[in-house]
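# Inside the fold
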Amino acid sequence: MSDFSDVKEITKRALQIQKMYYDFLDDPEKRLQLLNYYLPRDAQQGAAPPAWPLMEWNGHVLATQEQIGAYLSNLPRTMKHQIHCVDAQPLPGNESGDSFMITISGTALYDGEHKRFFYQRLIVSGMEKKFYIINDY
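For the structure given in this document, a descriptive report is provided here.

About the cut-offs
Residues numbered from 1 in each chain as written. Predicted model: local features only at pLDDT ≥ 70, side-chain atom pairs only at ≥ 80, totals over all residues. Heavy atoms only, no water. Helix = DSSP H or I, 4+ residues; strand = E, 2+ residues; numbered from the N terminus. Areas by Shrake-Rupley, 256 points an atom, 1.4 Å probe, with all protein chains shown as cover. Contact = heavy atoms within 4.5 Å. Polar contact = N/O pair within 3.5 Å; in protein donor to acceptor, adjacent residues only side chain to side chain. Pairing = 2+ DSSP bridges. Salt bridge = Lys/Arg side-chain N within 4 Å of Asp/Glu carboxyl O. Buried < 20%, exposed > 50% of the residue type's maximum accessible area, 1.4 Å probe, protein only. Arc of directions from axis to C-beta. 1 Å grid on protein atoms, 1.4 Å probe; cavity = no way out; pocket = protein on both sides within 12 Å on 5 of 7 lines; lining within 4 Å. Points joined across faces, edges and corners; volume = space filled by probe spheres on them. Nonpolar A, V, L, I, M, F, W, Y, C, P; charged D, E, K, R; others polar.

### Topic: the overall build of the chain
Across its full length, the chain carries 2 helices and 6 strands. Secondary structure of the chain in N-to-C order comes out as α-β-β-α-β-β-β-β. Summed over all atoms, the accessible surface of the chain reaches about 8100 Å², with 53% contributed by carbon and sulfur.

As structure tokens, this is what we get:
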């Protein structure tokens with residue numbers, strides 16, 4: 001994966017995923033649509049419960065889409081993320097450019113008054129012509 005065009009394509013995908021992710025997360029009416037982008041438990045290769053967690057967020061280890069949905073439902077209704085930096089890196093042994101890590105940092109404003117810095121990493125993999133988040137931490 002040393003070809004500049006491959007890195008450019010991964011960067012383009014990463015920016016699209018980042019924009020979609022935070023647009024959905026910041027809109028309480030669309031927030032649960034994020035669940036469609038997390039790898040379903042039955043698609044986890046060789047996974048027998050508990051498998052690996054899909055999300056580790058603020059000390060919460062969430063292994064299923066249902067757990068993530070419950071967590072997202074309990075987030076403050078009013079949230080706004082401001083992205084300061086996005087970095088995308090291909091994962092080793094990934095000649096097809098379909099698996100990569102996105103690192104995102106910025107600030108989040110909760111309920112219009114509680115501003116916090118955040119740092120998030122998404123491991124993304126392409127499967128069946130769709131990209132899924134296989135780990136969010």
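That shown, we press on.
### Notes on the environment of K130
The residue K130 is located in strand 6 (residues 130-136) in this model. In sequence terms K130 and Y37 are 93 residues apart; their C-alpha atoms lie 8.7 Å from each other. When neighbours within four sequence positions are excluded, K130 is seen to be in contact with N36, Y37 and S125. At 2.9 Å, the side chain of K130 forms a polar contact with the backbone oxygen of N36.

### Some details on the pairing of strand 5 (residues 114-127)
In this sheet, strand 5 lies alongside strand 4 (residues 99-110) in antiparallel orientation, the contact comprising 12 bridges. Counted as the bridge partner of M101 is I123 from strand 5. The antiparallel pairing of strand 4 with strand 5 creates a hairpin that spans 3 residues between the two strands, and D111 there sits at a positive phi of about 55°. Pairing between strand 5 and strand 6: 6 bridges, direction antiparallel. Residue L122 lies in a different strand from strand 6, and its bridge partner there is D136. The hairpin turn running from strand 5 into strand 6, its antiparallel successor, is 2 residues long, and E128 in that turn takes a positive phi close to 50°.

### Comments concerning the pattern of salt bridges
Counted under the stated rule, the structure contains 3 salt bridges. For K19, the salt bridge identified is with D23, shortest N-O distance 2.7 Å. Of the two residues, K19 and D23 both sit in helix 1 (residues 4-26), 4 residues apart, roughly one turn of that helix. Under the relative-accessibility criterion, D23 is labelled partly exposed at 41%. For E29, the salt bridge goes to R77, with nearest N and O atoms at 2.6 Å. In this pair, E29 is assigned in the loop between helix 1 and strand 1 (55-57) and R77 in the loop between helix 2 (65-73) and strand 3 (79-90), connecting sequence segments 48 residues apart.

### Considering helix 2
Those residues of helix 2 that sit buried are I68, G69, Y71 and L72. The buried residues of helix 2 occupy an angular sector of 165° when the element is viewed end-on, so they sit on one face.

### Remarks on the environment of L39
By the secondary structure assignment, L39 is in the loop between helix 1 and strand 1. Along the sequence, L39 and F131 sit 92 residues apart, while their C-alpha atoms lie 8.8 Å from each other.

### Digging into the layout of surface pockets
When its volume is computed, the largest pocket comes out at roughly 190 Å³. If you go around the largest pocket, you meet 14 residues; those closest to its centre are W57, N58, Y110, F118 and Y119. Elements with a minimum of two residues in the lining of the largest pocket: strand 1, strand 4 and strand 5. The greatest single-element share of the lining of the largest pocket, amounting to 5 residues, is contributed by strand 5. When grouped by side-chain class, the residues that make up the lining of the largest pocket number 8 nonpolar, 3 polar and 3 charged.

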